[in-house]
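Okay, here's what each chain looks like letter by letter:
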Amino acid sequence: MGTLRVLLEKEITQIRRNPILPRIFVAMPIALMLVIPWITTMDVNDVKVAIVDNDCSSVSQRITSHVKGSTYFSFRGNATDYQSAQSALESGEIDVIILIPNGFERNLSSQQPKPIDLTANAVNATKGSLGMQYVMQTTIKAIGEIQQEKGLNPTSSDVIAIKYFYNETLNYQHYMIPALMIIVLLLICCFIPALNIVSEKESGTIEQINVTPVSRLSFTLAKLIPFWIIGIIVLSIAMLLAWLVYGLTPTGSLGAIYLGAALFVVTMSGFGVAVANISDTMQQAIFVMFFFVMIFMLMSGLLTPLTSMPQWAQDVTYLFPPRYFVKIMRAVYLKGATIAEIKMEYICLACAAVVFNTLATLTYKKQS
Amino acid sequence: MNEPIIHVENLCKKFDDFTAVNQISFDVSRGEIFGFLGANGAGKTTAMRMLCGLSFPTSGMGTVAGFNIRTEGEKIKSHIGYMSQRFSLYDDLTVFENMKLYAGIYGLSRQQTLQSIDEKLEQLQFASEKNTLVGALPLGWKQKVAFSVATLHRPEIVFLDEPTGGVDPITRRQFWELIYNAAANGTTIFVTTHYMDEAEYCSRVSIMVDGKIEALDSPKKLKEQFSVQSMDEVFRTLARRAKRTE
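Residues numbered from 1 in each chain as written. Chains lettered and ligands numbered in written order. Predicted model: local features only at pLDDT ≥ 70, side-chain atom pairs only at ≥ 80, totals over all residues. Heavy atoms only, no water.

Chemist: So what's going on with the domain arrangement of chain B? Residues and values would help.
Modeler: Residues and elements named next belong to chain B. Taken domain by domain, chain B holds domain 1 (1-79 + 167-246) and domain 2 (86-154). Put simply, the middle of domain 1 and the middle of domain 2, counted by C-alpha atoms, are 26 Å apart. Among the residues of domain 1 in contact with domain 2, Val167, Phe175 and Leu178 are the three that bury the most area, contributing 53% of the side total. In this assembly, domain 1 and domain 2 are joined by zero salt bridges. (Domains from an automatic or database assignment. Buried area = accessible area lost by both parts, 1.4 Å probe. Salt bridge = Lys/Arg side-chain N within 4 Å of Asp/Glu carboxyl O.)

Laid out in C-alpha cells, this is it:
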C-alpha cells in the first residue's frame, strides 16, 4: 500500500504541474454544456407552410387561421396553384404544402370526402416527418371544429391525441444533456490515463519502473485513481451547469447517478489502459482509441435511439459498456428510475468493469 | 559469498530470425566492477535486459542474486538497481521527488527514505538543487542523479547501461568516483561503456562481438593476451571481426 501511495503522489504532482491538463478539466465540461445543447437541437418549430386553397370555403379559412396561429409553423401565404407552391418547396422556401381541393367543404358530409393533399420536403427527414405530423394534427383539428359546429360527427379531432412521456416538452436539450455528460466522462477516463501511459513508454520512464519490484496493479491503479476522481468532479460540474443553465435536475436519485458513473469510469479507464498497453506509440494508441470511441458514441444510443437500429446492430450493442450507462443516465435523469428498476444495467456495467480491468492488468507486461 | 552473484549459461535471445544474444556464458563475483563491452548492436543491452528481468531469454539459463532470470524476474528486481541508456527519471518532478518516489517503490520506510536521500545529496554535493526539476539539469548531473536513484535502496548489484554516454570528461571522472564508492561499499557493478579508459577501471571486462562473448578477463591480462598497450587496441582487434552492422 505504501507503494501505491508514493505512486499516487507522483501522478498527482505530475497532473498538477502539467501546463494544460488541469485547465482542460475545468474548461471542457463548461464548453460542452454551454454550447452544444444549443446547436445540436432537433426541435422542429419553424415549419414553413404554404396553402393552396382551391376551395375558398369556411373550412379552408379555418385551416389557414389555425396554421397562422400555431407556434410550430410560419405561414408563407396562399399559393395560387400547386405548381408554383411545388417550385417554392423545391427551392427550400417552404417545407409543407397543404392543398385543399375544390369542393372540399361541400363533400365533407358525404360518404366519400375529397382528401386534402399534404406535401412535405423530407430532405431534412426529422423536420419533414415531424412537420407533416404537426400539419396533420392542425388540419384535423380545424376540420373537427367545423364539423362540430355543423352538428356532424367529428371525424377525428380527438381521435389522435399525442402525449409525450418523460420529456414532456419534447425538449431536445434535455435529451442531449445526459449524453454530453457521458461524452465528457468518456474523454477524460478513456483517453487521458491511456495517453499518459503511452507517453511514459515513449519517454522511457516506464522502463525504470518496470525494473523495480512495483506490482502491475499498483502502477495501473495509480494511473487510474486520479482520473476517476477527476471524472466524478467534472460530472458534478456538468450537473451543476445543467441545473443553472437549463433548469434540468435529475428526476431520480443522485446516488443512482454516481453509482452508474463510478462503474462507467472504472470500465472505460480499464479499456483505455488495455489499449495503451498494446500500443507502442502515441499515434497508434490515439488511432485505436478514436476508432472505438467513435463506435461507442454512435452505437450506444448516445445520439440516436437504439430501437431505430436494425436488430443485429441492437444485439451487437450489448457488447459496448457505454450502452448501459446511457440507459442508466437517461432513465435516472429523465424518468426518475431507481437502481432496483434498472439493476440489469448496473450488473452488466459492473461485469464490464471486471472484464476490462482484468484485461488492463493482464496486458501490462513488465517482462517481454 | 563465494557463489557468483551473476551466473549465466548459454543465454540466447532471438527476435524472429535475428539472434541478438548468442549462447553467452559468464560469472560475475560479488564486489566486482564488471565491464560489459561491445560495439553498437553487439547485443549488450539485450543481454542486460534479460539479467534485469525485463526480457525473457529465448534459451539458456541464468541467475542474478540467486534468482532465476526466467521465472523469478520480480524477485531479482528488488535486489538490483538499473540505469538505462536513455535518461529515464521524471523530468517534471524535482530531484527530491524522484528520489522519494523510488525509495517508496523499493519499500524504504519514511525515515530510511529521508536519511538515504540526504546521504546521496551530500555525496553529490547537490543539496542546493534538491528542489530543482530534473528536466532543468544538465545531462552530466542528470546521470549522477540517475545513478543515485539506482543505488538508493542499497542493491546488491547495479546495472549501468552506458551511463556516461554524452557526458563531459570531468563529469565522467566524478561519475566513476561514485561507482568506485558504491563498489567499496560492497555493491557489484555491471557496466557497459564505449570509453576504453573506463574499461581500464574495471576489475574484469568482457567484449561482445555479434552477440557472442569473444574475450573475458582483467584488462591487464587481455592486453597481454593480445600483446597490445591499451584496451582500445584490444577492442579494435576484436570489433573488427564483427560481420553484422547496426
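Chemist: Residue-level account of empty space enclosed by the protein, with values.
Modeler: Residue and element names in this part refer to chain A. Considering all chains together, one arrives at one cavity of 30 Å³ or more under this definition. Within this model, the largest cavity holds a volume of roughly 40 Å³. Lining the largest cavity, in full, are Ile197, Ile206, Phe219, Thr220, Val273, Asn277 and Tyr364. Those elements that provide at least two residues to the lining of the largest cavity are α8 (216-246) and α9 (254-278). By residue class, the composition of the lining of the largest cavity is five nonpolar, two polar and no charged. (1 Å grid on protein atoms, 1.4 Å probe; cavity = no way out; pocket = protein on both sides within 12 Å on 5 of 7 lines; lining within 4 Å. Points joined across faces, edges and corners; volume = space filled by probe spheres on them. Helix = DSSP H or I, 4+ residues; strand = E, 2+ residues; numbered from the N terminus. Nonpolar A, V, L, I, M, F, W, Y, C, P; charged D, E, K, R; others polar.)

Chemist: I'd like to hear about the interface of chain B and chain A, residue by residue, with values.
Modeler: Facing 32 residues of chain B, the contacting portion of chain A comprises 25 residues. When the two sides are added together, the surface that chain B and chain A hide from each other amounts to roughly 2500 Å², 53% of it contributed by carbon and sulfur. Three residues, Leu54(B), Tyr90(B) and Ile105(B), lead the burial of chain B against chain A; their summed loss comes to 23% of the area buried on that side. Our enumeration of links across chain B and chain A arrives at four salt bridges. Of the charged contacts in the structure, one is a salt bridge between Lys100(B) and Glu9(A), with a shortest N-O distance of 2.7 Å. Viewed at the interface, chain A and chain B are joined by 14 residue pairs in polar contact (both at pLDDT 80 or more). (Contact = heavy atoms within 4.5 Å. Polar contact = N/O pair within 3.5 Å; in protein donor to acceptor, adjacent residues only side chain to side chain.)

Chemist: Quick rundown of the sheet that holds strand β7 (residues 157-161) of chain B? Include the residues and the values.
Modeler: Residue and element names in this part refer to chain B. Reading across the sheet, the six strands line up as β6-β7-β8-β3-β9-β10 and stay open at both edges, with mixed pairing between neighbours. The strands lining the two open edges of the sheet, one partner per strand, are β6 (80-83) and β10 (212-217). Ignoring strand direction, the axes of neighbouring strands in this sheet form an average angle of 15°. Relative to strand β8 (residues 188-192), strand β3 (residues 33-38) runs parallel, the two sharing three bridges. The partner of Gly35 across the bridge, within β8, is Val191. The strands touched by helix α5 (residues 139-151) within the sheet are β6 and β7, with β6 carrying the most contacts at an inclination of about 160°. (Pairing = 2+ DSSP bridges. Axes fitted to C-alpha atoms, helices over the stretch in contact; angles between N-to-C directions.)

Chemist: Which residues make up the domain arrangement of chain A, and what values do they have?
Modeler: Taken domain by domain, chain A comprises domain 1 (2-40 + 171-363) and domain 2 (47-149). Inter-centroid distance (C-alpha atoms) of domain 1 of chain A to domain 2 of chain A is 48 Å.

Chemist: Help me get a handle on unusual backbone geometry, residues and values and all.
Modeler: Even without a glycine there, the phi angle at Cys56(A) is positive, about 45°. Residue Cys56(A) is classed as exposed on the basis of its relative accessible area of 62%. Although it is not a glycine, Gln125(B) adopts a positive phi angle of roughly 50°. You can see Gln125(B) is positioned in the loop between α4 (110-124) and α5. (Buried < 20%, exposed > 50% of the residue type's maximum accessible area, 1.4 Å probe, protein only.)

Chemist: Let's hear about the packing of aromatic side chains: which residues, and what values?
Modeler: For the coordinates displayed, the defined rule picks out 24 aromatic pairs over all chains. Linked through ring pairs, Phe271(A), Phe291(A), Phe292(A), Phe296(A), Phe320(A) and Phe356(A) together constitute an aromatic cluster. Note that Arg330(A) overlies the ring of Tyr175(A), its terminal NZ or CZ placed 3.8 Å from the centroid. If you follow Lys144(B) out to its NZ or CZ, it ends over the ring of Trp141(B), 3.8 Å from the centre. (Phe/Tyr/Trp six-rings, centres within 6.5 Å; stacked < 30°, edge-to-face > 60°. Lys NZ or Arg CZ within 6 Å of the ring centre and 35° of its normal.)

Chemist: So what about the layout of surface pockets? Which residues, and what values?
Modeler: Leftover empty space is mapped by rolling, across the atoms, a probe with the size of a water molecule. If you add up the space inside the second largest pocket, you get close to 490 Å³. Lining the second largest pocket are 18 residues, with Gln14(A), Asn18(A), Asn196(A), Ser199(A) and Asp92(B) sitting closest to its centre. In terms of residue count, the dominant contributor to the lining of the second largest pocket is helix α6 (residues 172-203) of chain A (six residues). Here the lining of the second largest pocket is built from residues that sort into eight nonpolar, six polar and four charged.

Chemist: Requested: an account of a nonpolar patch on the surface, with residues and values cited.
Modeler: Residues and elements named next belong to chain A. Judged by side-chain polarity, Val26, Ile30, Leu34, Val35, Trp38, Ile39, Leu240, Trp243, Leu244 and Val245 come together as a nonpolar surface patch covering roughly 950 Å² of accessible area. At the level of elements, α2 (21-39) and α8 are the ones that each hand at least two residues to the nonpolar patch. In terms of residue count, α2 provides more of the nonpolar patch than any other element does, six residues in total. Note on Val245: relative accessible area 36%, which makes it partly exposed. (Patch = residues over 30% accessible without salt bridge, like charges linked within 9 Å, V, L, I, M, F, W, Y side chains within 5 Å. Areas by Shrake-Rupley, 256 points an atom, 1.4 Å probe, with all protein chains shown as cover.)

Chemist: Go over the pattern of salt bridges with me, naming the residues and quoting the values.
Modeler: Residue and element names in this part refer to chain A. Counting across every chain of the model gives 23 salt bridges over all chains. As a salt-bridge pair, Glu11 and Lys10 come within 2.6 Å of each other at their nearest N and O atoms. In this structure, Lys223 engages Glu11 in a salt bridge whose closest nitrogen and oxygen atoms are separated by 2.7 Å. With a gap of 212 residues between them, Lys223 in helix α8 and Glu11 in helix α1 (residues 2-17) connect regions that are remote in the sequence. When its relative accessible area of 0% is taken as the criterion, Lys223 is described as buried. Members of the salt-bridge network, linked through shared partners, are Lys10, Glu11, Glu200 and Lys223.

Chemist: Give me the pairing of strand β1 (residues 6-15) of chain B: which residues, what numbers.
Modeler: Residue and element names in this part refer to chain B. As paired strands, β1 and strand β2 (residues 18-28) are joined by seven bridges and run antiparallel to one another. Looking at β2, one finds that Ile6 is bridged to Val28. Between β1 and β2, which follow one another and run antiparallel, lie two residues, and Asp16 among them has a positive phi close to 50°.

Chemist: How would you explain the state of the cysteines if you had to name every residue and give the values?
Modeler: Residue and element names in this part refer to chain A. Taken as a whole and assessed by the stated rule, the structure comprises zero disulfides over all chains. Unpaired in terms of disulfides, Cys189 finds its nearest cysteine sulfur in Cys190, a separation of 8.5 Å. Cys351 carries a free sulfur, and the closest cysteine sulfur to it, the one in Cys348, is 6.3 Å from it. (Disulfide = S-S within 2.5 Å.)

Chemist: Describe the nonpolar core, naming the residues involved and giving the relevant values.
Modeler: One finds Met181(A) and Ile207(B) to be the most contacted residues of the largest nonpolar core, which totals 134 residues. Sorting elements by how many residues they give to this core places α6(A) first, with 20 residues. By size, the runner-up hydrophobic cluster in this structure holds 29 residues, among which are Val211(A), Ala42(B), Ala65(B) and Met208(B). (Core = buried A, V, L, I, M, F, W, Y, C linked by side-chain atoms within 4.5 Å.)

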